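# Commentary on secondary and tertiary structure
Now for the letters of each chain:
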Amino acid sequence: MLSDQQLLRYSRQIMLGDVDIEGQEKLLAASVLLVGLGGLGSPVAMYLAAAGVGKLILVDDDEVEISNLQRQIIHDERSVGAAKVDSAAQRIALLNPDVRVEQVKRRLDSEQLSRYIKSVDLVVDCTDNFKSRFMINKCCVEQMVPLVSGAAIRMEGQLLTIDPRQPNTACYQCLYPEAGNDDLSCAESGVLAPLVGVIGSMQAIEAIKVLTGMSGTLVGRLLIFDGKNMQWQSLKLKADPDCPVCAKR
């Protein structure tokens, strides 16, 4: 049962037929594992907290640097030198103190990651390297937990939603082979600040849709954004029958 204060706080969201009181209650009861508190993780964390997701587990082993502030909007100059998860938790507490936040200030191996994934309803991947994305995808498929994955570099971004609970749907490894992919870093290639905001905001939308049971998620589709030419492209994805991760699901 929502309190009067919660009805007021989330009123604009509850007005949406696809959310309503039932959907808001699902959000308040939900727990989300968010991996990466950088350019993508910043808007994801803030929008999920504002939307009323009950618990956020924040994972990042990095500290805030001055070069992060161009795009990682959950942090500010007072955060420089602090752990990103601590900086993010402080900002979330100011935004919505009802959200429970757990900070994980270390890099997780697959066993540790699986234990956290078992305890949540959804994972949002905001990391910036293929190794982490492959591991997160594999653990989510094994634990049958949905995953929203995003990436952004230069002026291009992409996102997809993976739901291993649905049969014959593609996972991240169906899209990319584990070998032969080179990481591109913002430090080497650059990135336009609002681009990560666009992709991160879209990840938050997908997360809310999955948590509330809303239709129209990106399961089975890859969404690509060309920020330079302001063009979106949607590609259908098929499960790879030989995928080493999800073929034997």
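Our structure's up above, just so we're on the same page.
Let me sum up the structure you'll find in this document. Keep in mind that this is a model prediction, so the values were computed, not measured.

In terms of regular secondary structure, the protein is built from 10 helices and 8 strands. Over its C-alpha atoms the protein spans a radius of gyration of 17 Å, differing by no more than 12% from the 18 Å that the globule rule assigns to 249 residues. Per-residue burial over the protein gives 51% buried out of 249 residues. Sequence separation of at least 24 residues holds for 66% of the intrachain contacts in the protein that already meet a minimum separation of 6. About 12,500 Å² of surface is accessible on the protein, with carbon and sulfur atoms providing 50% of the total. Once the 26 positive and 31 negative side-chain charges of the protein are each reduced to a mean point, those two points are 2 Å apart.

Moving on, we get to the environment of Ser42. Assignment of secondary structure puts Ser42 in helix α4 (residues 41-51). Leaving out residues up to four positions away in the same chain, Ser42 has contacts with Leu37, Gln72, Ile73, Ile74 and His75.

Time to look at the packing of aromatic side chains. Per the stated rule, a full pass over the model turns up 5 aromatic pairs. Plain terms: the ring middles of Phe130 and Tyr176 are 5.6 Å apart, the flat faces sit at 65° to each other, and that makes the pair edge-to-face. With Phe130 in helix α7 (residues 130-143) and Tyr176 in the loop between α8 (172-175) and α9 (186-189), the pair connects residues that are 46 residues apart, well separated along the chain. Each member of the pair, Phe130 together with Tyr176, is buried. What makes Tyr176 buried here is its relative accessible area of 19%. By the ring-pair criterion, three or more aromatic residues cluster together here, those being Phe130, Phe134, Tyr172 and Tyr176.

Before going further, it helps to examine the sheet that holds strand β5 (residues 147-153). Taken together, the 8 strands give an open sheet; going across it, the order is β3-β2-β1-β4-β5-β6-β7-β8, and neighbouring strands pair in mixed fashion. Each edge of the open sheet is held by one strand with a lone partner, namely β3 (100-104) and β8 (231-236). Shown here is a sheet whose adjacent strand axes are inclined to one another by a mean of 15°, direction ignored. Of the pairings in the sheet, the one linking strand β7 (residues 221-226) to β8 comprises 6 bridges and is antiparallel in character. What sits directly across from Arg221, in β8, is Lys236.

Conventions and cut-offs
Per chain, the residues get numbers from 1 upward, laid out in the order the sequence is written. Restriction of local features to residues with pLDDT of at least 70 applies here, the model being predicted, together with a cutoff of 80 or more for giving and counting side-chain atom pairs; totals for whole chains, interfaces and linings are based on all residues. Heavy atoms from the whole structure form the basis of all side-chain values; hydrogens and water molecules are not counted. Helix and strand labels come from DSSP, where a helix needs a run of H or I of at least four residues and a strand needs a run of E of at least two; each type is numbered from the N terminus. In this treatment the radius of gyration is a C-alpha quantity, and the globule benchmark scales as 2.2 Å times the residue count to the 0.38 power. Per-residue accessibility, obtained with a 1.4 Å probe over protein chains only, is compared with the maximum for each type, and a residue is labelled buried under 20%, exposed over 50%, and partly exposed between these values. A contact between two residues is defined here by any heavy atoms of the two lying within 4.5 Å. Per-residue accessibility takes into account occlusion by the displayed protein chains alone, with areas from the Shrake-Rupley method and a 1.4 Å probe. For the charge count, each Lys or Arg is scored as positive and each Asp or Glu as negative, with His and the chain ends excluded. Charge coordinates come from a single atom per side chain, which is NZ of Lys, CZ of Arg, CG of Asp or CD of Glu. Geometry of aromatic contacts follows a simple scheme: Phe, Tyr and Trp rings, the Trp one being its six-membered ring, pair when their centres are within 6.5 Å, and the pair is stacked under 30 degrees between planes, edge-to-face over 60, tilted otherwise. At least two DSSP bridges between two strands are required for those strands to pair. Axis angles are defined between N-to-C directions and span 0 to 180 degrees, where every axis is a line fitted to C-alpha atoms and, for a helix, only to the segment in contact.

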